[in-house]
Every structure is written in structure tokens, then in C-alpha cells.
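Here are the chains, one letter per residue:
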Amino acid sequence: TGVQTCALPISVGAGIFGRTVNGRLVTESGIASSVPTTHARVYVDMSSGHDSGVAMAIPGLFGANVALQAYQPDGTTPAGTATTLAIPASGQRAAFASQWITGLPAGFQGVMDLSSPIPFVALTLRALTNSQGDFLLTSFPVADLTRLAPVPVIFPHLADGGGYRTEFILLGSGSSAGITLRLATDEIGRAHV
């Protein structure tokens, strides 16, 4: 008769972190679990009060050397001094991009390339010190260059106005790609991508 499907539960890890100052929640963000990879890129923004933090972990029984190189926004012109970061088995390391890649120009915006023959897990945070001096953090995606990007990518919320704005930052693997961005509104006029 008909085809029957069975949806199996999928375990997905996530975390929520926040920062409270004098009993006031200053920043809060969620971060999804990551899949191990051997090659990834992350967005780095050190302009206008921003900074970019990167954390890496080795989930396996063997340590790894992760090669780090920053590139200008074109993704091919090197920036700063490349380095190799040793991470022990079941170990982790975290720092701001400029702490690992020395010689980045003031206000640098570009990408950091992470690669290793041993799988690692990476996550990145985008920081902003706002006009009140608050240190704000939000998670940012990691572009896994060993997997195809999901299609379509859906952005469920956009902000534009009241001091808020939405910024799209697209990372590629080095080859050119065509991107279509489609905005739609619901029945009461709210914009959707």
C-alpha cells in the first residue's frame, strides 16, 4: 500500500552560556555541538570593538598539531604569521585570534584557516565591547571545508532598526560560488529569509 517512514530521534548537543555583572545578565548565547573535521575556516573580526575567539578540542586518543593561517577577506592573501598549535589528546585550547596569529593588522577582518591530519572540533565566538563598556559574546558558525554546506540555509530572525542590524558573512572554500538570498514576509509583514 503506502510507504511508511519512521523518524528516529537524533541526539544533538548544545550549550547556553551567559555573563552576569553585578546581578545583571549582560550577554547570553547558545552554541551548537560541533562535528570533528580536519579542515575548517572561521570568520575573524577585530574592527570597531569586535574580537574573535576560537576554541579547539581533540576528541580522540592522539594529540594533534593544528596549522593556523589568517587570510584577508579574499580568502587567499595571507595575513599575519602562520603558526602551529599543539593540542594534547582529549585536550583543548582557546584564545582570541590575535593571540595565535601574530602580526594581524589593526582592525583586521578576514578568515582563519584551521587544518590538521587528526580530526579536531572547533567553535568560534564573536565578541563586542559596546558603548556602555559591556563585553558581549555570541557564537558564530565554523565553515567545515570537508563537508558540503547545507542547502538551504535558513535564517529565522533578522533585526533592522532600533539600534539593531543583521549582517550576513559568507565563507567559501576558495572556489567561487553563486549565492541567492531570498527575503520573504509572513502574513503580518515580518521579513523572513
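Criteria and cut-off values
Residues numbered from 1 in each chain as written. Predicted model: local features only at pLDDT ≥ 70, side-chain atom pairs only at ≥ 80, totals over all residues. Heavy atoms only, no water. Helix = DSSP H or I, 4+ residues; strand = E, 2+ residues; numbered from the N terminus. Buried < 20%, exposed > 50% of the residue type's maximum accessible area, 1.4 Å probe, protein only. Contact = heavy atoms within 4.5 Å. Core = buried A, V, L, I, M, F, W, Y, C linked by side-chain atoms within 4.5 Å. Salt bridge = Lys/Arg side-chain N within 4 Å of Asp/Glu carboxyl O. Patch = residues over 30% accessible without salt bridge, like charges linked within 9 Å, V, L, I, M, F, W, Y side chains within 5 Å. Areas by Shrake-Rupley, 256 points an atom, 1.4 Å probe, with all protein chains shown as cover. Polar contact = N/O pair within 3.5 Å; in protein donor to acceptor, adjacent residues only side chain to side chain. Pairing = 2+ DSSP bridges.

**Student:** Before we move on, could you go through the overall build of the protein chain and cite the residues and values that matter?
**Tutor:** Helix and strand content of the protein chain: one helix and 14 strands. Here the protein chain, with 193 residues, has 27% of them falling under the buried criterion. Considering only contacts in the protein chain between residues 6 or more positions apart, those separated by 24 or more positions represent 65%.

**Student:** How would you explain the nonpolar core if you had to name every residue and give the values?
**Tutor:** If you look at soluble globular proteins, the nonpolar side chains tend to sit buried side by side. Within the largest apolar cluster, 24 residues are counted, with the highest numbers of intra-cluster contacts made by Met56, Leu68, Met112 and Leu114. For this core, the secondary structure elements donating two or more residues are strand E3 (37–45), strand E4 (50–57), strand E5 (64–71), strand E6 (78–87), helix H1 (97–100) and strand E8 (109–129). When neighbours within four sequence positions are excluded, Leu68 is seen to be in contact with Met56, Ala82, Thr83, Leu85, Trp100, Ile101, Met112, Asp113 and Leu114.

**Student:** Account for the pattern of salt bridges, with residues named and values stated.
**Tutor:** This model, assessed by the stated rule, comprises four salt bridges. A salt bridge links Arg41 to Asp113, with the shortest nitrogen-to-oxygen separation between them at 2.9 Å. With Arg41 in strand E3 and Asp113 in strand E8, the pair connects residues that are 72 residues apart, well separated along the chain. In this structure Asp113 comes out as buried when scored by relative accessible area, which is 10%.

**Student:** Describe in detail unusual backbone geometry, supporting the description with residues and values.
**Tutor:** Unusually for a residue other than glycine, Ser48 sits at a positive phi of about 50°. Here Ser48 lies in the loop between E3 and E4. Phi at Ser90 takes a positive value of approximately 55°, unusual for a residue other than glycine. Along the chain, Ser90 turns up in the loop between E6 and strand E7 (92–96).

**Student:** Pulling in residues and values, what's your account of a nonpolar patch on the surface?
**Tutor:** Taken together, the side chains of Phe168, Leu170, Ile179 and Leu181 make up a nonpolar region of the molecular surface, amounting to roughly 410 Å² of accessible area. Tracing the chain through its elements places Ile179 in the loop between strand E12 (164–165) and strand E13 (184–185).

**Student:** Provide a residue-level description of the side chain of Thr124, including the pertinent values.
**Tutor:** Looking at the element boundaries, Thr124 is found in strand E8. Residue classification places Thr124 among the buried residues on the basis of a relative accessible area of 0%. Engagement of the side chain of Thr124 in a polar contact is seen with the backbone oxygen of Gly53, the distance being 2.8 Å. Not counting residues within four places of it along the chain, the set of residues in contact with Thr124 comprises Ile31, Val42, Tyr43, Gly53, Val54, Thr138, Ser139, Phe140, Pro141 and Val142.

**Student:** Before we move on, could you go through the environment of Gln109 and cite the residues and values that matter?
**Tutor:** Within the fold, Gln109 resides in strand E8. Given a relative accessible area of 33%, Gln109 falls into the partly exposed group. When the C-alpha atoms of Gln109 and Met46 are compared, they prove to be 6.1 Å apart, with 63 residues separating the residues in sequence. Those residues within four positions of Gln109 in sequence are excluded, and the remaining contacts are Tyr43, Val44, Asp45, Ser47, Gln72 and Pro73. Side chain to side chain, Gln109 and Tyr43 meet in a polar contact 3.2 Å long.

**Student:** Run through the pairing of E5, naming residues and quoting values.
**Tutor:** Of all the eight residues making up E5, six are buried; the element is thus mostly covered by neighbouring parts of the structure. In terms of strand pairing, E5 meets E6 through seven bridges, oriented antiparallel. Looking across to E6, one finds that Tyr71 is bridged to Pro78. Between E5 and the antiparallel strand that follows it, E6, lie six residues; Gly75 among them carries a positive phi value of about 80°. Two elements, E5 and E8, share five bridges in a ladder whose sense is antiparallel. Across the sheet, Tyr71 pairs through a bridge with Val111, a residue of E8.

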